[in-house]
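The primary structure of each chain is shown beneath.
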Amino acid sequence: MAHLSHKSRERLKLDHLIHWHVWHNNFKELDEELTKNEFDIGKRDPRGRTPLMLAVTLGHLESTRVLLRHNADLSVEDKDGFTVIHEAVSTGYPELVQEILDHRDFQRYNSKVGGIPQLLKQIQDTPDFYVEMKWEFTSWVPLVSRMCPSDTYRVYKSGSNVRIDTSLLGFDHSNWQRGSRSYIFKGHNDGAVMMEVDHELGQVYVEQLGVVPPHVADFSSTLRSSSEAVSTRLTTPIITTYINIDKISFERSKSGIWGWRSNKTEMINGYECKVFGANNVELVTRTRTEHLTDVDKARHKSARSPFQSFLGIVESENKGVPVAMNGDTSEYRSNPCHITPEEYFDSSVDLGRRDIGQPREVSTKVQKFKANLWLCENYPLSLQEQILPIVDLMAISSSHFAKLRDFITLQLPSGFPITLEIPIFHVLNARITFENIFALDELVSGVTPIRDDNACACVVDKNCFESPTGYVRLGGDKEIRHLSIETDEDLLQAAIEQSLLEAGSEEEEVTIWEALKAHRPLSEDRALQRAIQDSMNDYQKCSNFALVSNFEHRCALQQSTDLSEDPQLTLALQLSHQTALEEQNQRKEEEEHIARAIQLSLSEK
């Protein structure tokens, strides 16, 4: 790059003054400028970074702290969907990660308490209602099917009060956690109250939702992330999953045969629905590992299920430009390509693949889905006015609801989506169905349905939004609850990987062959596909010892061929074989129990 004149250098500095101070870690001057003058602290530089993203990428802890004190937004993302916390983790600096996590939780708390009263205000004057949202998680991978949970969210709304009941609480790395919880939100003029009711323990946590000022004295002790949380971040891959909505298009589903086709309609819970398919729905999962040690990378790679390489997941890997280490290590980690500030801030300079920060090691998985939805023209609820605020409430702490919100805020065809099928994870779908509207189909305590010739409605008892009698009350006006809301994608991934080794197959689920046809794997090995199909067919037909023996014989033949050189196929066949034997043993025990029961009944006569 040609040498810039002093005048050109000063122009670049003035055009990007805050970023310029961040680049050189002039944190004192940065603080003075932000205190004395008004700047757009979220402005992006020519490379797409806000001042905070730039400070974190360069590993400048002091400048990062200054920007956080001035309320720089931690939720911003780059063009690839990575956030400030992701960039902090990629540096490998525990202090930086700790600082970002602490303020992330603080900002999330204020975002939550600031947004909930507004959401409750939005629905205050809309008609009261009761509805159930049934979530059914399914997978096109047979071995995952049995572990998929389901739950029904029961939603009560009266005025500016909302109550949501649920039984699926989360995943603890080994089992799905079940319970009975109610989340109650009560809006009032100057804020809102949230109650988390644990019906099993008989406890109610009460939280007065109000914005916490940045100078709260006990902030560090109440919202500070644990050292374990920091360590976990630094020793596990960075993962981000999102639905690519750029190419989605909706098309009316057809029915009929022999050339006669008509628009498809179906009845859902007594309502006639138009059936639509959403084409080109892509679920993109990006994983970064540049911050991991070789040991951590090896552990992560070995933990991956052998099925992942041929279950229709298109995976690509992109590593940053390798740079030889010369001189200062900190310079290598933050600016390995030795980019000058003049180059960085001059938009006319093409940096090519050169960039600041550690060279990214990114693997990308793209899974294509065909989402489906059933739309009703005369459903007695408003998606925008009544349902969307409820989804926004739940999306604050649930990534599943966040994906649902992203999908239903698209430009959908006309009608209320009584049922939707959308991707949640790269092998997992969610089918969400709205049912028992106004408690018309099944009676619900505290809800009185109203029927007349023209419309239906309901009256929701005010007691539904009160703390149950006899429950222990926790929390208070001055207490700040720790809200380290982690994404549940990594937990879900752990559940799926475990289920591939432990769960059985469901005959009614789609076969591996159907999955491979619909979602073509990276490998085009036809023999591999046939071997998988044969093994799964044998397992599903296996109902007596002769067939089990036949299955063993096929496995032996397959393993003696060239296919046995593929360790993934070998493990797949072994798992299918093991599952078949376990089911055979279980079926044999059941037959013995039935035989004994019949014999006893005959002897008693």
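Residues numbered from 1 in each chain as written. Predicted model: local features only at pLDDT ≥ 70, side-chain atom pairs only at ≥ 80, totals over all residues. Heavy atoms only, no water.

(A) Spotlight on the overall build of the protein. Along the protein, the regular secondary structure elements total 19 helices and 19 strands. Evaluated residue by residue, the protein yields a buried proportion of 48% over its 605 residues. Of the contacts formed within the protein by residues at least 6 apart in sequence, a portion of 71% connects residues at least 24 apart. (Helix = DSSP H or I, 4+ residues; strand = E, 2+ residues; numbered from the N terminus. Buried < 20%, exposed > 50% of the residue type's maximum accessible area, 1.4 Å probe, protein only. Contact = heavy atoms within 4.5 Å.)

(B) Spatial organisation of the nonpolar core. By size, the foremost hydrophobic cluster in this structure holds 77 residues, and its most contacted members are Val 131, Trp 135, Tyr 379, Ile 387, Phe 401 and Leu 404. At 8 residues, the largest contribution of residues to this core is made by helix 13 (residues 383–395). Not counting residues within four places of it along the chain, the set of residues in contact with Phe 401 comprises Met 133, Trp 135, Tyr 153, Val 391, Met 394 and Ala 395. Residues Leu 12, Val 84, Val 89 and Val 97 belong to the second largest nonpolar core, which totals 40 residues. (Core = buried A, V, L, I, M, F, W, Y, C linked by side-chain atoms within 4.5 Å.)

(C) Spotlight on the packing of helix 3 (residues 27–36) against helix 5 (residues 61–69). Running from N to C, helix 3 and helix 5 point in directions that differ by 15°, and their axes come no closer than 9 Å. Accordingly, the angle class assigned to the pair helix 3 and helix 5 is roughly parallel. In this structure, the crossing between helix 3 and helix 5 has a hand that is right-handed. Taking contact as the criterion, the partners of Phe 27, Leu 30, Asp 31 and Leu 34 in helix 3 are, on helix 5, Glu 62, Ser 63, Val 66, Leu 67 and Arg 69. Per-class residue counts for the contact of helix 3 with helix 5 are 5 nonpolar, 1 polar and 3 charged. (Axes fitted to C-alpha atoms, helices over the stretch in contact; angles between N-to-C directions. Parallel < 35°, antiparallel > 145°, perpendicular 65-115°, else oblique. Left-handed = near helix turned anticlockwise from the far one by under 90°. Nonpolar A, V, L, I, M, F, W, Y, C, P; charged D, E, K, R; others polar.)

(D) Representation of helix 5. Buried residues of helix 5: Leu 61, Ser 63, Thr 64, Val 66, Leu 67 and Leu 68, and no others. Immediately beyond the C-terminal end of helix 5, within one or two residues, lies Asn 71, with a positive phi of roughly 65°.

(E) Spatial organisation of the pairing of strand 1 (residues 129–138). Summarising burial for strand 1: 7 of the 10 residues are buried, a large majority. Looking at chain direction, strand 1 and strand 2 (residues 150–158) are connected through 8 bridges and run antiparallel. Its bridge partner lying in strand 2, Glu 136 is registered against Ser 150. Pairing between strand 1 and strand 16 (residues 428–435): 7 bridges, direction antiparallel. In the sheet register, Phe 137 faces strand 16, and the bridge partner there is Ala 430. (Pairing = 2+ DSSP bridges.)

(F) Helix 3, seen in detail. Those residues of helix 3 not exposed but buried are Leu 30, Glu 33 and Leu 34. The arc enclosing the buried residues of helix 3, seen along the axis, measures out at 95°, which places them on a common side. The exposed residues of helix 3 that point more than 90 degrees off its buried face are Lys 28, Thr 35 and Lys 36. Contacts from the buried residues of helix 3 go to helix 2 (17–23) and helix 5. (Arc of directions from axis to C-beta.)

(G) Region of interest: unusual backbone geometry. The backbone phi angle of Asn 269 is positive, close to 50°, even though this residue is not glycine. Mapping Asn 269 onto the fold places it in the loop between strand 11 (265–268) and strand 12 (271–288). In this model, Asn 436 sits at a positive phi of 50°, which is unusual for a non-glycine residue. Structurally, Asn 436 is set in the loop between strand 16 and strand 17 (447–451). Residue class for Asn 436 comes out buried when judged on its relative accessible area of 5%.

(H) Examining the packing of helix 13 against helix 14 (residues 399–408) more closely. Running from N to C, helix 13 and helix 14 cross one another at 150°; their axes reach a closest spacing of 8 Å. Here helix 14 runs roughly antiparallel to helix 13, going by the angle between their axes. In the crossing of helix 13 with helix 14, the sense of the turn from one axis to the other is left-handed. Between helix 13, through Leu 383, Leu 388, Val 391, Asp 392, Met 394 and Ala 395, and helix 14, the contact on the second element is made entirely by Phe 401, Ala 402, Leu 404, Arg 405 and Ile 408. Across the contact of helix 13 with helix 14, the residue classes tally to 9 nonpolar, no polar and 2 charged.

(I) Broad picture of the pattern of salt bridges. Enumeration over the complete set of coordinates arrives at 23 salt bridges. Here Arg 65 ties to Glu 99 by a salt bridge, and the two come within 3.2 Å at their closest N and O atoms. Linking Arg 65 in helix 5 with Glu 99 in helix 7 (residues 94–123), this pair joins segments that are 34 residues apart in sequence. Measuring nitrogen to oxygen at the nearest pair gives 3.4 Å for the salt bridge that ties Lys 264 to Glu 266. Sharing partners across several salt bridges, the network here consists of Asp 78, Asp 80, Glu 87, Arg 288, Glu 290 and Arg 360. (Salt bridge = Lys/Arg side-chain N within 4 Å of Asp/Glu carboxyl O.)

(J) Layout of the environment of Thr 340. Within the secondary structure, Thr 340 sits in the loop between helix 11 (329–334) and helix 12 (341–345). Taking the C-alpha atoms as reference points, Thr 340 and Trp 23, 317 residues apart in sequence, are found 9.8 Å from one another.

(K) Structural view of the state of the cysteines. Inspection of every chain in the model, using the stated rule, returns 0 disulfides. Distance from the sulfur of Cys 458, which forms no disulfide, to the nearest cysteine sulfur (Cys 464) is 9.8 Å. A relative accessible area of 7% places Cys 458 in the buried class. (Disulfide = S-S within 2.5 Å.)

(L) Layout of the environment of Lys 403. Inspection of the secondary structure assignment puts Lys 403 in helix 14. By relative accessible area, Lys 403 is classed as buried at 7%. Sequence separation between Lys 403 and Ile 424 is 21 residues; the distance between their C-alpha atoms is 7.1 Å.

(M) The confidence of the model for the protein, seen in detail. Averaged over every residue, the pLDDT of the protein is 75; residues scoring 70 or more account for 66%. Mean pLDDT per element in the protein: helix 16 (residues 512–518) is the minimum at 33, and helix 4 (residues 51–57) is the maximum at 96. In the model, residues 305–314 has pLDDT below 50 throughout and makes 36 contacts with residues more than four positions away in sequence or in other chains. Overall, residues 321–329 carries pLDDT values under 50, and its contacts beyond four positions in sequence, including any with other chains, amount to 6 contacts. (pLDDT = per-residue confidence, 0-100.)

(N) Local environment of the packing of aromatic side chains. Summed over the entire model, instances satisfying the criterion amount to 12 aromatic pairs. With a centroid separation of 6.3 Å and 70° between ring planes, the pair formed by Trp 135 and Tyr 153 is classed as edge-to-face. With Trp 135 in strand 1 and Tyr 153 in strand 2, this pair connects stretches of sequence that are 18 residues apart. Here Trp 135 matches Tyr 153 in class, with each residue buried. Centre to centre, the rings of Phe 416 and Phe 434 are 5.1 Å apart; their planes meet at 75°, and the pair counts as edge-to-face. Here Phe 434 lies in strand 16 and Phe 416 lies in strand 15 (residues 416–425), a separation of 18 residues in the sequence. (Phe/Tyr/Trp six-rings, centres within 6.5 Å; stacked < 30°, edge-to-face > 60°.)

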